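Structural features, examined
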Amino acid sequence: RIIKNISLTQIYFSMATGLPTKKKTPTVPNAEYKLQVTCCEYLNWYEDIYYMSDTVASVKLTAQQAVRNSKIQKKGFATSDIVIFEPRNGYCGLFVELKVVSPYLVSNPERLKAQMVTNKKNPHLSYDHLQRQCDSMKKMAAKGYKCYFCWDFLGFEELFKNYLNGTNTNNRSNTYTEVK
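Report follows, based on the coordinates. Keep in mind the model is a prediction, meaning the values are calculated, not measured. Residue numbers run consecutively from 1 along every chain, following the written order of its sequence. It should be noted that, the model being predicted, local features are given only for residues of pLDDT at least 70 and side-chain atom pairs only at 80 or more, the latter also being counted only at that level, while totals for whole chains, interfaces and linings use all residues. To get the side-chain values, take all heavy atoms of the structure and skip hydrogens and water.

As a further point, take a nonpolar patch on the surface. What goes into a patch is any residue over 30% in relative accessible area without a salt bridge, connected to like charges within 9 Å or, for nonpolar side chains (Val, Leu, Ile, Met, Phe, Trp, Tyr), within 5 Å. Each accessible area is a Shrake-Rupley estimate made with a 1.4 Å probe; only the visible protein chains count as cover when residues are assessed. Should a side-chain nitrogen of Lys or Arg be within 4 Å of a carboxyl oxygen of Asp or Glu, the pair is scored as a salt bridge. On the surface, Tyr50, Met52 and Phe85 cluster together to form a nonpolar patch covering roughly 350 Å² of accessible area. With respect to the helices and strands, the residue Tyr50 is situated in the loop between helix H2 (31-43) and strand S1 (51-53). Exposure remark for Tyr50: the relative accessible area of 56% places this residue in the exposed category. Here a strand is any run of E in DSSP of at least two residues, a helix any run of H or I of at least four, and the numbering for each starts at the N terminus. The classification of residues rests on relative accessible area computed with a 1.4 Å probe and restricted to protein chains. Under 20% of the type maximum is buried, over 50% is exposed, and intermediate values are partly exposed.

Below, the structure written as structure tokens:
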């Protein structure tokens, strides 16, 4: 059966989640986690590539664990989902923040969507999660790392291969954006 008007992202999503392909990608619990697992499984094929994957967002911490975790993290720094420790072409490594959909506004592709995290106990401590992630990646880019938002496995694969090969990232899949 031929399915018309279906993007590669939707086909990948269907393969990764086991859900049927639809014209509009459905909201699925843990979809970002499943994308992260798929990307990490792909990286495991490279024996000499070392990486670290952020796990805090994918687990529910007890109150004691949350307190302990907050004490050993840099305040205000948002760790990317995948950090690859492989210096290439003048870069120290690669930071990739995974999303299920583009974090940019359709009307203005240069501008991030707002994703507020509300602190119910201290409302003045609320912050824009996407902006914090972007700011953290900008700081790492200034220190010599290559940094991206990516919202599709095919995009991740393309940007990773381009990073390893030192080729110019032409973003054929249109599913990732460099953060500078």
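This next bit is on the sheet that holds strand S7 (residues 176-178). A strand pair is defined by DSSP finding two or more bridges across the two strands. Taken in spatial order, the five strands make up an open sheet running S1-S2-S3-S6-S7, and their pairing is mixed. Because the sheet does not close on itself, it has two edges, and the strands there are S1 and S7. The sheet shows a mean angle of 15 degrees between the axes of neighbouring strands, taken without regard to direction. Taken together, the three bridges between strand S2 (residues 82-84) and strand S3 (residues 94-98) define a ladder with antiparallel strand orientation. Axis lines are fitted to C-alpha atoms, over the contacting stretch for helices. Their N-to-C directions set the angle, which ranges from 0 to 180 degrees.

This part takes up the packing of aromatic side chains. Only centres within 6.5 Å qualify two rings of Phe, Tyr or Trp (six-membered ring in Trp) as a pair; their planes then separate them into stacked at under 30 degrees, edge-to-face at over 60, and tilted for everything else. Applying the stated criterion to the full structure yields eleven aromatic pairs. Plain terms: the ring middles of Tyr104 and Phe149 are 5.9 Å apart, the flat faces sit at 90 degrees to each other, and that makes the pair edge-to-face. Here Tyr104 is found in the loop between S3 and strand S4 (116-117), whereas its partner Phe149 is found in strand S6 (residues 146-150), with 45 residues between them in sequence. Tyr104 sits in the buried class, given a relative accessible area of 10%. Here Phe149 falls in the buried class, since its relative accessible area comes to 0%. Aromatic side chains Phe156 and Phe160 sit 6.2 Å apart centroid to centroid with 5 degrees between the ring planes, which places their arrangement in the stacked category. On the criterion of helical spacing, the pair formed by Phe156 and Phe160 is a turn pair, its members being four residues apart in helix H5 (residues 153-165). The exposure class assigned to Phe156 is buried, which follows from its relative accessible area of 0%. Overall, Phe160 belongs to the buried group, its relative accessible area being 0%. One aromatic cluster is present, formed by Tyr42, Tyr46, Phe153, Phe156 and Phe160 through successive ring pairs.

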